[in-house]
Amino acid sequence: VIINCGVENGMELKLFNGVSEIYNIDPGKDNYLDKSIEYLLKNSKTKQHFIEYALYTNKIFEVKKLTDIIKEYNIKKISLIKSDIEGAERLMVDDLIQICTKYNSQLAISIYHTNHNAGEDEKLLDLVDIPLKLIKALRNNYNFYFNHYSYERWEGILYCIPKSL
């Protein structure tokens, strides 16, 4: 069971095809999916849920916390949480710690967004602070990895993998 936070065009759904169930959370719901993804979903056995909320912060759409969505949808198992929610990850860290402690979930968290409200000297808050907080809380039970998927600063992902796996 995967929780996919931030969907937009849904290209990551190709990687998740074949899992039993995915909870896709995005204020755009499934309205902006790429045509190839729409085709894939029509022919997939994966149960897809598209949940129309913004996570943690938004001025236009209804906002919820991830822990509230897990309760609302009665999610009992979480194998992986993938998050690319445009910098709101910094507001989600405490909930991720709580979720990992309860479900032993893997994390793939975007940490490349800048803190647009911070001063010029504080542009790397997500890149530094999110990993530090997760490592401090989960270090006994998790291994941590970082990968970068672009020639620019975009697409830096922090992976938190339970040692039991």
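Every chain begins its residue count from 1, and numbering advances along the sequence as written. In keeping with the predicted nature of the model, local features appear solely for residues at pLDDT of at least 70, side-chain atom pairs appear and are counted solely at 80 or more, and the whole-chain, interface and lining totals rest on all residues. Processing note: side-chain calculations cover all non-hydrogen atoms of the structure and skip hydrogens and water entirely.

J.: Would you mind going over a nonpolar patch on the surface with me for this structure?
T.: The grouping of L127, V128, L132 and F146 at the surface amounts to a nonpolar patch, some 350 Å² of accessible area in total. Secondary structure elements are taken from DSSP: a helix is a run of H or I of four residues or more, a strand is a run of E of two residues or more, and numbering for both begins at the N terminus. Here the element with the most residues in the nonpolar patch is helix α5 (residues 125-138); it accounts for 3 residues. As for its position among the elements, F146 is in strand β8 (residues 142-148). Patch membership requires more than 30% relative accessible area and the absence of a salt bridge. Residues of like charge join within 9 Å; the nonpolar side chains Val, Leu, Ile, Met, Phe, Trp and Tyr join within 5 Å. Areas reported here follow the Shrake-Rupley algorithm with a probe of radius 1.4 Å; residue values treat only the protein chains shown as occluding. A side-chain nitrogen of Lys or Arg and a carboxyl oxygen of Asp or Glu constitute a salt bridge if their distance falls within 4 Å.

J.: Please clarify how the side chain of N24 should be interpreted in this entry.
T.: For N24, the position within the fold is in strand β2 (residues 21-25). When its relative accessible area of 0% is taken as the criterion, N24 is described as buried. We define a polar contact as two N or O atoms separated by no more than 3.5 Å, with the added condition that, inside protein, one atom must be a possible hydrogen donor and the other a possible acceptor, whereas residues neighbouring each other in sequence contribute only through side-chain atom pairs. Within the structure, N24 has its side chain in polar contact with the side chain of N4 (distance 2.9 Å). A polar side-chain atom of N24 sits 2.7 Å from a polar atom in the side chain of Q48. Among residues more than four places away in sequence, those in contact with N24 are N4, V7, L13, Q48, H49, F50 and I51. Remark: exposure states derive from per-residue accessible area (1.4 Å probe, protein chains only) relative to the maximum for the residue type, with buried under 20%, exposed over 50%, and partly exposed in between. Note on contacts: a residue pair qualifies if any of its non-hydrogen atoms lie within 4.5 Å across the two residues.

J.: Got a minute to help me understand the packing of helix α4 (residues 89-103) against α5 in this structure?
T.: Helices that pack against each other are described as a pair by the angle of their axes relative to one another and the distance between those axes. Viewed as axis vectors pointing N to C, α4 and α5 meet at an angle of 20°, and their least axial separation amounts to 10 Å. By the angle between their directions, the pair α4 and α5 is classed as roughly parallel. Crossing angle aside, the handedness with which α4 passes α5 is right-handed. Here α4 contributes E89, R90, V93, D94, L96, I97, C100 and T101 to the contact with α5, which in turn contributes D126, I130, K133, L134, A137 and L138. Only C-alpha atoms enter the line fits that serve as axes; for helices the fit covers just the stretch in contact. Angles between N-to-C directions range over 0 to 180 degrees. An angle below 35 degrees is read as roughly parallel, one above 145 as roughly antiparallel, one from 65 to 115 as roughly perpendicular, and any other as oblique. Each crossing gets its hand from how the near helix is turned against the far one by less than a right angle, where anticlockwise is left-handed and clockwise is right-handed.

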